[in-house]
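Chain by chain, the residues run as shown.
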Amino acid sequence: MRHPRPAPSPRRAARRVVGALLLVLACVPDLPAQVAAPERTPRSLVLFIADGCGPTSLTLARQASGPLALDALLVGSVATRSASSHITDSAASGTALATGVATDNKVIGLDPAGGRLVSLLEKAKAAGMRVGVVTTTSVTHATPASFTAHVPSRYDEPDIAVQQVVADVDVLLGGGARFFVPASEAEPHGRTDGRDLLAEARDAGRLVVTTAAELDALDGGDPETPVLGVFASEHLAYVLDARPAAQPSLLRLATFAVERLSAGGAPFVLVVEGGRIDHAAHDNDVAAHLAEILDFDATVSAFVDDNPDDRLVVSVSDHETGGLSLGRNRGLLGAQDWDPSVLTLQTASLEGMLERAKDGEDVAAVFLETCGLADLSDAELSAVGDAKAWVPGLRLESTEDVAKNGLSRALMAPLASRAGVAWSTWWHTAVDVPLFATGPGSARFAGHHTHPRLGRLLQEVLGLAGE
Ligand SMILES: [Zn+2]
């Protein structure tokens, strides 16, 4: 006769359960360290990209204006290096986000050997989702191009435009008209091959709009008809400058896109880029940088406040720009504070000032009218007076422009000095950037990532990794 085994003590029973669990865990490869309840798969994704917005930029915005909408969504950080450099550019990081593969600086949608990569939007489209990209830069700029084109050099924007008018993208909105129309008196920086890509897009069945009013007229239309909108010759105007009536805000672009992409309950992937955050940092223009960040955060806020429970929202930067520091040396002393209150004194961006200078106005006079500072020293006034020597060589369309950097050094230094902020470079840095997420699947974004890993994770969370 077999004796029944005595019941184990509660503590021994608990140890057995834990032991069995550990055995199971040991047999399952790659299980995350934290075992959380399984999350629902998101039906749709809105991926926000704050181009050139590093952690110090967010501290700047927070200390100047109060808590950010992004703050409640912080889940991790991202290392930004590319395959070719510790310091990435927007092409390599955009491609990593769009495809999950590391590539070299300046490369769009290709691997370092030149092989064509499949983008998140292409996979989403193949899976029956609607897809879109909206940006405050030219749509042909590196970040939006990484999701919609494949070229060896980001600077081949005319070819990027050719690819974009046939790309399977439902909504593409931003600036960059000059890359779509032939050069003319009205568009002197237009295409040199004579092609009118906007006409070609219309002939191919796309709706083409070039003003905010034309975009408004498309509200409620057939979501199956692709929309291409280019609302400026190059980039959209800075928030700090008077926005031309023809140019929609980032919030308007994003809202239009979401309403159209989600019409009828369709699943979708939308990329929303605040691209001019980066440009202001390249110019070391702290006032314009701040205004662009706050505009971006307000756009994120509008989505987060009313986020459907089947929609994942992720926000990340492609890299830091400018090496921004809050605090700097003053003579032989280090300043123990910085002063965000002076940042609202400047009423035009550096670019806005320089556009007027390019149109023939005296750059020193424009600066004195818009800088908001009445206490310039003799040395600062002398530097401002000397700045006009740079104007003839100025190329406003380029962020890599010696003349613009020379003007920035003269015109942006007085405000930075009074605010107690400093910049270390006209270009990007290798600093890690914060990562934000909310909605179904967002728990998987916790921790430290690389851009390629983040790109793969976006595909995995949407169930597109094997597509
Ligand atoms: Zn940049």
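Residues numbered from 1 in each chain as written. Predicted model: local features only at pLDDT ≥ 70, side-chain atom pairs only at ≥ 80, totals over all residues. Heavy atoms only, no water.

Trainee: I tried to follow the overall build of the protein on my own but got confused; where do I start?
Mentor: The helix and strand inventory of the protein stands at 17 helices and 16 strands. Rg of the C-alpha trace for the protein: 25 Å, near the compact-globule value of 23 Å for 467 residues, within the 12% margin. C-alpha atoms of the protein, sized along the principal axes, occupy 110 × 65 × 40 Å. Counting over 467 residues, the protein shows a buried share of 52%. Partitioning the intrachain contacts of the protein with sequence separation of at least 6 by distance along the chain shows that 73% fall at a separation of at least 24. Within the structure as shown, the protein displays about 19,900 Å² of accessible surface, and the carbon and sulfur contribution to it stands at 55%. (Helix = DSSP H or I, 4+ residues; strand = E, 2+ residues; numbered from the N terminus. Rg over C-alpha atoms; globule rule 2.2 N^0.38 Å. Buried < 20%, exposed > 50% of the residue type's maximum accessible area, 1.4 Å probe, protein only. Contact = heavy atoms within 4.5 Å. Areas by Shrake-Rupley, 256 points an atom, 1.4 Å probe, with all protein chains shown as cover.)

Trainee: Even after reading the chapter, I still don't get the packing of helix α3 (residues 90–99) against helix α17 (residues 451–461), so can you show me in this structure?
Mentor: A pair of packed helices is captured by two measures, namely the crossing angle of their axes and the spacing between those axes. Relative to each other, α3 and α17 sit at 30°, their axes nearing to 6 Å. With respect to α17, the axis of α3 lies roughly parallel. Between α3, through S93, A96, L97, A98 and T99, and α17, the contact on the second element is made entirely by H451, P452, L454, G455, L458 and Q459. Along the lines of polarity and charge, the residues of the contact of α3 with α17 split into 6 nonpolar, 5 polar and no charged. (Axes fitted to C-alpha atoms, helices over the stretch in contact; angles between N-to-C directions. Parallel < 35°, antiparallel > 145°, perpendicular 65-115°, else oblique. Nonpolar A, V, L, I, M, F, W, Y, C, P; charged D, E, K, R; others polar.)

Trainee: Explain helix α11 (residues 286–304) to me, please; I cannot follow it from the model alone.
Mentor: Side chains of residues three or four places apart in an α-helix project in the same direction, reflecting 3.6 residues per turn. With 19 residues, α11 extends 27 Å from end C-alpha to end C-alpha; this agrees with the ideal 27 Å at 1.5 Å per step. Summarising burial for α11: 15 of the 19 residues are buried, a large majority. (Expected span 1.5 Å × (residues − 1).)

Trainee: I would appreciate a short explanation of the coordination of the zinc ion in the present structure.
Mentor: A metal bound by six donors in octahedral fashion has ideal angles of 90 or 180 degrees, whereas one bound by four tetrahedral donors has an ideal angle of 109.5 degrees. Each protein donor to the zinc ion is listed here as D278 (OD), D278 (OD), H282 (NE2) and H428 (NE2); together their distances run 2.1 to 2.4 Å. Relative to the metal, the 4 donor atoms surrounding the zinc ion lie at angles of 56 to 154°, and the coordination shape comes out irregular. (Donors = N, O, S within 2.8 Å, 3.2 Å for Na, K, Ca; no water. Tetrahedral: all angles 85-135°; square planar, octahedral: opposite > 155°, others 65-115°.)

Trainee: How do you make sense of unusual backbone geometry when you look at a structure like this?
Mentor: With phi around 80°, K106 is a residue other than glycine that occupies positive phi space. Checked against the element boundaries, K106 lands in the loop between α3 and α4 (120–126). On the basis of relative accessibility, which here comes to 37%, the residue K106 falls in the partly exposed class.

Trainee: Can you walk me through the packing of helix α12 (residues 350–358) against helix α13 (residues 363–370) in this structure?
Mentor: Two numbers describe how α12 lies on α13: the axes approach to 9 Å, and their chain directions differ by 145°. The two elements α12 and α13 meet at a crossing, and its hand is right-handed. Along its contact with α12, which presents M353, L354, R356 and A357, the element α13 presents V363, V366, F367, E369 and T370. Grouping the amino acids of the contact of α12 with α13 by side-chain chemistry returns 6 nonpolar, 1 polar and 2 charged. (Left-handed = near helix turned anticlockwise from the far one by under 90°.)

Trainee: What am I meant to see in the confidence of the model for the protein here?
Mentor: Low pLDDT marks regions whose predicted coordinates should not be analysed in detail. On average, residues of the protein carry a pLDDT of 92, and 91% of them reach 70 or more. In this model residues 1–14 is a low-confidence stretch, pLDDT under 50, and it forms 3 contacts with partners more than four residues away in sequence or in other chains. Across residues 16–31 the pLDDT falls below 50, and counting only partners more than four positions away or on other chains, this stretch makes 4 contacts in the model. Predicted as a complex, the structure gets a pTM of 0.90 and an ipTM equal to 0.98. (pLDDT = per-residue confidence, 0-100.)

Trainee: Looking at this structure, I do not really get helix α15 (residues 402–411). What am I missing?
Mentor: Most of α15 sits inside the fold, with 8 of its 10 residues counted as buried. Of the positions making up α15, those classed as buried are A403, K404, N405, G406, L407, S408, A410 and L411. The N-cap residue of α15 is D401: its side-chain oxygen and the backbone nitrogen of A403 are 2.8 Å apart. (Polar contact = N/O pair within 3.5 Å; in protein donor to acceptor, adjacent residues only side chain to side chain.)

Trainee: Which parts of the structure should I look at to understand the environment of R444?
Mentor: Considering the arrangement of structural elements, one finds R444 in the loop between β15 (433–438) and β16 (447–450). Along the primary structure R444 and V75 are separated by 369 residues, whereas in three dimensions their C-alpha atoms are 9.1 Å apart.

Trainee: Sorry if this is basic, but what is going on with the nonpolar core here?
Mentor: As a rule of thumb, soluble globular proteins bury nonpolar side chains together. The biggest cluster of nonpolar side chains holds 72 residues, and the ones touching the most others in it are V134, L173, L343 and L411. If sequence neighbours within four positions are ignored, L173 has contacts with V133, V134, T135, V139, L215, V227, L228, G229, F231, L253 and F256. Counting 45 residues, the second largest nonpolar core, distinct from the first, contains I49, V162, A167 and F445. (Core = buried A, V, L, I, M, F, W, Y, C linked by side-chain atoms within 4.5 Å.)

Trainee: How should the pattern of salt bridges be read in this particular structure?
Mentor: Oppositely charged side chains can form a pair if their charged atoms are brought close together. Within the structure shown, the criterion is met by 20 salt bridges. R356 is paired through a salt bridge with E361; the nearest N and O atoms lie 3.0 Å apart. One salt-bridge network, in which partners are shared between bridges, spans D216, D219 and R252. (Salt bridge = Lys/Arg side-chain N within 4 Å of Asp/Glu carboxyl O.)

Trainee: Is there a simple way to think about the sheet that holds strand β6 (residues 227–230) in this case?
Mentor: To summarise the sheet geometry, strands pair through backbone hydrogen bonds and adopt either a parallel or an antiparallel arrangement. Spatially, β5-β6-β4-β3-β7-β1-β8-β15-β2-β16 is the arrangement adopted by the 10 strands of the open sheet, whose pairing is mixed. Taken across any chain shown, the strands that pair with only one partner, and hence form the sheet edges, are β5 (207–209) and β16. Neighbour-to-neighbour, the strand axes of this sheet turn through a mean angle of 15°, independent of strand direction. Sitting on the sheet, helix α9 (residues 250–261) is in contact with β1 (44–50), β3 (130–138), β4 (171–175), β5, β6, β7 (268–274) and β8 (311–316), with an inclination near 175° to β7. (Pairing = 2+ DSSP bridges.)

Trainee: Whenever I open this one, the pairing of β7 confuses me. Can you help?
Mentor: Sheet faces and side chains relate simply in a regular strand, where the side chains alternate between the two faces. Of all 7 residues making up β7, 7 are buried, and the element is well covered by its neighbours. What you see with β7 is no split at all: F268, L270, V272 and G274 on one side and V269, V271 and E273 on the other are buried throughout. In this sheet, β7 lies alongside β1 in parallel orientation, the contact comprising 6 bridges. Looking at the pairing, A50 lines up with G274 of β7. Summarising the sheet, β3 and β7 pair through 6 bridges and their orientation is parallel. Across the sheet, the residue bridging to R130 is F268, located in β7.

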